[in-house]
Amino acid sequence: MSATPAQPLLARYAESLFWMARYLERVENLARVLDVTQTFEASGRAAQAWESVVRINADEEGFAVRYGAASPEAVRRFYLLDRDNPTSIPAAVAAARQNARTLRPLISTEMWQQLNVFHGWIAALAEEDVAADQLSRLCARIKEGVQLQTGITEGTFFRDQGWFFLQLGRQIERADQVTRLLDIKYHLLLPSLADIGSALDLSQWHALLRAAAGYHAFRRAHPRGLTPNAVADFLLLNDAFPRSTLFCVRLAEWNLERLRSRYGLRVRAPAERLEELRAGLEERRIEEIIAGGLHEFLDWVQRMLIAAADEIGTAFFRDWRPLAAAAQDRR
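Values in this document were obtained by computation on a predicted structure and should not be read as measured data. (Residues numbered from 1 in each chain as written. Predicted model: local features only at pLDDT ≥ 70, side-chain atom pairs only at ≥ 80, totals over all residues. Heavy atoms only, no water.)

1. Structural notes on the overall build of the protein chain
Part 1 of the argument: Summing up its helical and strand segments, the protein chain has 15 helices and zero strands in all.
Part 2 of the argument: Here the protein chain holds 331 residues, and 53% of them are scored as buried.
Part 3 of the argument: Counting contacts in the protein chain only where the partners sit at least 6 residues apart, residues at least 24 apart contribute 67% of the total.
Part 4 of the argument: For the protein chain, the accessible surface area stands at approximately 15,000 Å², while carbon and sulfur atoms represent 50% of it. (Helix = DSSP H or I, 4+ residues; strand = E, 2+ residues; numbered from the N terminus. Buried < 20%, exposed > 50% of the residue type's maximum accessible area, 1.4 Å probe, protein only. Contact = heavy atoms within 4.5 Å. Areas by Shrake-Rupley, 256 points an atom, 1.4 Å probe, with all protein chains shown as cover.)

Right, dumping it as structure tokens:
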């Protein structure tokens, strides 16, 4: 068996692969957030539930200018139809497609064709498609569209440097997004003491696990009962669930190490940042995290991931602007 000689990867291709993966992962996870938020409406806190979606995406100012109060209808429109909102699903899919256009010499025809079809379908969504009684079905189809692209990519994309940059983007975005999903329930929708352990409270934790595609995996790790601490521990610190924050951070570290060992790239700054984040996750028990403030811990994780992405961009990408400076347009 002969080894494939390493070919240099242009910085613009590395950047486009990293961001194409991030945008698509963001689309899937936003669909998960919107779906589970509708479930939380049953608590009688509909306005608070939908406002939390705006808050965890740091979109308060942009949303207020366009829509004012965070009603369910306005939030659905903001994230599912509003192309002028840079954090919306249509904007993210369009950005992923634009990056894919840059990557036409690298990606397969199947990847390009499926992303074009997906982009066309998203762009054609109308008010009636995002109505409350259609939302769960719509979010399921959005998730399936991203998952189809992921499967095609797995089966057709060449395993060179580009593959590792694509995986880096996916894992960093996924690690970030699961903290936002957890933050909706645990901090912004924290129930009253009377609600804790109630049928409604437990049903929301079930819904959160399903939104993270983790219900059956959770049951394998915790076959007897469900507690808020166990769910938070599973989504943050489980080392076998592929959507947990710890799992994603470890995988991002592994991809950086492959870029160093196989291709000789200098990865010191982002590698040290991810190592610090991994250690912060591995060294804490969930009881300690919750006692110290789960929201504050999730915020720290998000800031560490932003810093790691910034350092990856500075090290490898052309004309890189740190994420903090680009926060207004989210690229």
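After that view, the rundown keeps rolling.
2. Here's the deal with the packing of helix H6 (residues 109-123) against helix H7 (residues 135-156)
Part 1 of the argument: Their axes nearest at 9 Å, the elements H6 and H7 cross at an angle of 170 degrees. The orientation of H6 with respect to H7, classified from their angle, is roughly antiparallel. Considering the relative orientation of H6 and H7, their crossing is left-handed. Only Leu138, Arg141, Ile142, Gly145, Val146, Leu148, Gln149, Ile152, Thr153 and Thr156 of H7 make contact with H6, whose side of the interface consists of Glu110, Met111, Gln114, Leu115, Phe118, Trp121 and Ile122.
Part 2 of the argument: Of the residues assigned to the contact of H6 with H7, the class counts are ten nonpolar, five polar and two charged. (Axes fitted to C-alpha atoms, helices over the stretch in contact; angles between N-to-C directions. Parallel < 35°, antiparallel > 145°, perpendicular 65-115°, else oblique. Left-handed = near helix turned anticlockwise from the far one by under 90°. Nonpolar A, V, L, I, M, F, W, Y, C, P; charged D, E, K, R; others polar.)

3. Some remarks on the nonpolar core
Part 1 of the argument: One finds Met20, Leu34, Ile89, Phe118, Ile142, Leu182 and Leu235 to be the most contacted residues of the largest nonpolar core, which totals 105 residues.
Part 2 of the argument: A total of 16 residues in this core trace back to one element, the largest contributor, which is helix H1 (residues 11-40).
Part 3 of the argument: Ignoring any residue separated from it by four or fewer positions in sequence, one finds Phe118 in contact with Val27, Val93, Ile142, Gly145 and Val146. (Core = buried A, V, L, I, M, F, W, Y, C linked by side-chain atoms within 4.5 Å.)

4. Some points on the environment of Glu154
Part 1 of the argument: Looking at the secondary structure, you find Glu154 in helix H7.
Part 2 of the argument: Once the C-alpha coordinates of Glu154 and Met111 are considered, the two residues, 43 residues apart in sequence, prove to be 10.0 Å apart.
Part 3 of the argument: Apart from the residues within four sequence positions on either side, Glu154 is in contact with Arg159, Trp163, Gln167 and Arg170.

5. Remarks on the packing of aromatic side chains
Part 1 of the argument: Applying the stated rule across the entire model yields 16 aromatic pairs.
Part 2 of the argument: The interplanar angle of 80 degrees and the centroid separation of 5.8 Å between the aromatic rings of Tyr67 and Phe78 together place this pair among those described as edge-to-face. Taken together, the residues span a long stretch of sequence, with Tyr67 in helix H3 (residues 60-67) and Phe78 in helix H4 (residues 72-80) at a distance of eleven residues.
Part 3 of the argument: Overall, Tyr67 belongs to the partly exposed group, its relative accessible area being 24%.
Part 4 of the argument: You can call Phe78 buried: its relative accessible area is 1%.
Part 5 of the argument: A network of ring pairs unites the aromatic residues Phe18, Trp19, Tyr23, Phe165, Phe316 and Phe317 as a single cluster.
Part 6 of the argument: Between Arg76 and the ring centre of Trp50, over which it is positioned, the NZ or CZ distance is 5.9 Å. (Phe/Tyr/Trp six-rings, centres within 6.5 Å; stacked < 30°, edge-to-face > 60°. Lys NZ or Arg CZ within 6 Å of the ring centre and 35° of its normal.)

6. Points about helix H2 (residues 46-56)
Part 1 of the argument: Of the positions making up H2, those classed as buried are Ala49, Trp50, Ser52, Val53, Val54 and Ile56.
Part 2 of the argument: Just beyond H2, the residue with positive phi is Ala58, at close to 55 degrees.

7. Focus: empty space enclosed by the protein
Part 1 of the argument: What the rule picks out here adds up to three cavities of 30 Å³ or more.
Part 2 of the argument: Put simply, the largest cavity is a space of about 90 Å³.
Part 3 of the argument: The wall of the largest cavity is formed by Met20, Ala21, Leu24, Glu25, Val146, Gln149, Thr150, Thr153, Leu166 and Arg170.
Part 4 of the argument: Tallied by class, residues from the lining of the largest cavity come to five nonpolar, three polar and two charged. (1 Å grid on protein atoms, 1.4 Å probe; cavity = no way out; pocket = protein on both sides within 12 Å on 5 of 7 lines; lining within 4 Å. Points joined across faces, edges and corners; volume = space filled by probe spheres on them.)

8. Side note on the packing of helix H13 (residues 268-282) against helix H15 (residues 294-316)
Part 1 of the argument: Following both chains from N to C, one finds H13 and H15 inclined at 165 degrees, their axes separated by 8 Å at the closest point. On the basis of the axis angle, H13 is roughly antiparallel to H15. You can see that H13 and H15 cross each other, and the crossing is left-handed. Side by side, H13 and H15 meet where Ala269, Pro270, Arg273, Leu274, Glu276, Leu277, Gly280 and Leu281 of the first sit next to Phe297, Trp300, Val301, Met304, Leu305, Ala307, Ala308, Glu311 and Ile312 of the second.
Part 2 of the argument: For the contact of H13 with H15, the per-class residue count stands at 13 nonpolar, one polar and three charged.

9. Comments concerning helix H12 (residues 245-263)
Part 1 of the argument: Its 19 residues place the ends of H12 27 Å apart at the C-alpha level, agreeing with the 27 Å of an ideal helix rising 1.5 Å per residue.
Part 2 of the argument: Here H12 has its buried residues at Thr245, Leu246, Cys248, Val249, Ala252, Glu253, Asn255, Leu256, Leu259 and Tyr263.
Part 3 of the argument: At the exit of H12 stands Gly264, carrying a positive phi of roughly 70 degrees. (Expected span 1.5 Å × (residues − 1).)

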